[in-house]
Amino acid sequence: MAREISIVHADGTTARVQGAVAILTLGDRKLRAFIHGDTLTHYASGRRICDLRHYAILNYRSNRRRDRRADACLALQDLAQRIGADKAWQVIEAAPVINHK
């Protein structure tokens, strides 16, 4: 079932998009995320976390099927490896809340 939330663009403008909510793990904590199109967004702040296209290709090569939730899990694992889960959480939590938790 599709849900609608507000997202924040890089220029500070907001927009309403439809997608799916996913509860994912970043480090040892749960992250409520929103998957819309090929983008993974933090649910509460509407802040973009990453583009899923690259991870979709990697996931499809290994599993031979498209699964956006698996793509998002792979993206968060890569993010935690590249900058560390603690740093990722600092950036995510610094964004103001625009959607209800």
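Residues numbered from 1 in each chain as written. Predicted model: local features only at pLDDT ≥ 70, side-chain atom pairs only at ≥ 80, totals over all residues. Heavy atoms only, no water.

Topic: the overall build of the protein
Part 1: Looking only at helices and strands, the protein features three helices and five strands.
Part 2: Sequence-ordered secondary structure for the protein, helices as α and strands as β, is β-β-β-β-β-α-α-α.
Part 3: Relative to the 2.2 N^0.38 estimate, which gives 13 Å for 101 residues, the radius of gyration of the protein is 13 Å and therefore close to what a compact globule would have.
Part 4: Along the three orthogonal principal directions, the C-alpha set of the protein runs to about 35 × 30 × 25 Å.
Part 5: Evaluated residue by residue, the protein yields a buried proportion of 38% over its 101 residues.
Part 6: Excluding contacts between residues fewer than 6 apart, the proportion of contacts in the protein whose partners are at least 24 apart in sequence is 43%.
Part 7: Summed over all atoms, the accessible surface of the protein reaches about 6400 Å², with 49% contributed by carbon and sulfur.
Part 8: Across the protein, the mean location of the 17 positive side-chain charges is 3 Å away from that of the 10 negative side-chain charges. (Helix = DSSP H or I, 4+ residues; strand = E, 2+ residues; numbered from the N terminus. Rg over C-alpha atoms; globule rule 2.2 N^0.38 Å. Buried < 20%, exposed > 50% of the residue type's maximum accessible area, 1.4 Å probe, protein only. Contact = heavy atoms within 4.5 Å. Areas by Shrake-Rupley, 256 points an atom, 1.4 Å probe, with all protein chains shown as cover. Lys, Arg positive; Asp, Glu negative; His and termini not counted. Charge placed at Lys NZ, Arg CZ, Asp CG, Glu CD.)

Quick word on helix 1 (residues 53–63)
Part 1: Of all the positions in helix 1, only Tyr55, Ala56 and Asn59 are classed as buried. Mapping the buried residues of helix 1 onto a view down its axis gives an arc of 105 degrees, with all of them on the same face. Within helix 1, the exposed residues directed more than 90 degrees away from the buried face are Arg53 and Arg61.
Part 2: In this fold, the buried residues of helix 1 make contact with strand 5 (48–51) and helix 2 (68–83).
Part 3: Two residues or fewer after helix 1 comes arginine 64, characterised by a positive phi angle close to 60 degrees. (Arc of directions from axis to C-beta.)

With respect to the pattern of salt bridges
Part 1: For the structure shown, the criterion picks out six salt bridges.
Part 2: A salt bridge links glutamate 4 to arginine 16, with the nearest nitrogen and oxygen atoms 3.2 Å apart. With glutamate 4 in strand 1 (residues 3–8) and arginine 16 in strand 2 (residues 14–26), this residue pair connects regions lying 12 residues apart in the sequence.
Part 3: Between arginine 53 and aspartate 51 there is a salt bridge, with its nearest N and O atoms 3.6 Å apart.
Part 4: Owing to a relative accessible area of 51%, arginine 53 belongs among the exposed residues under this scheme.
Part 5: On the accessibility criterion, aspartate 51 (25% relative accessible area) is partly exposed.
Part 6: Counted as one network, the salt bridges with shared partners bring together Asp38, Asp51, Arg53 and Arg68. (Salt bridge = Lys/Arg side-chain N within 4 Å of Asp/Glu carboxyl O.)

Here we look at the sheet that holds strand 2
Part 1: Strand order in the open sheet made by the five strands is 1-2-3-4-5, with antiparallel pairing throughout. Each end of this open sheet is capped by a strand with a single partner; those strands are strand 1 and strand 5. On average, each strand axis in the sheet is inclined to that of its neighbour by 45 degrees, with strand direction left out of account.
Part 2: The sheet strands contacting helix 2 are strand 2, strand 3 (29–36), strand 4 (39–42) and strand 5, and the helix crosses strand 2 at an angle near 70 degrees.
Part 3: Contacts from helix 3 (residues 85–94) reach strand 2, strand 3, strand 4 and strand 5 within the one sheet, and its direction differs from that of strand 3 by about 60 degrees. (Pairing = 2+ DSSP bridges. Axes fitted to C-alpha atoms, helices over the stretch in contact; angles between N-to-C directions.)

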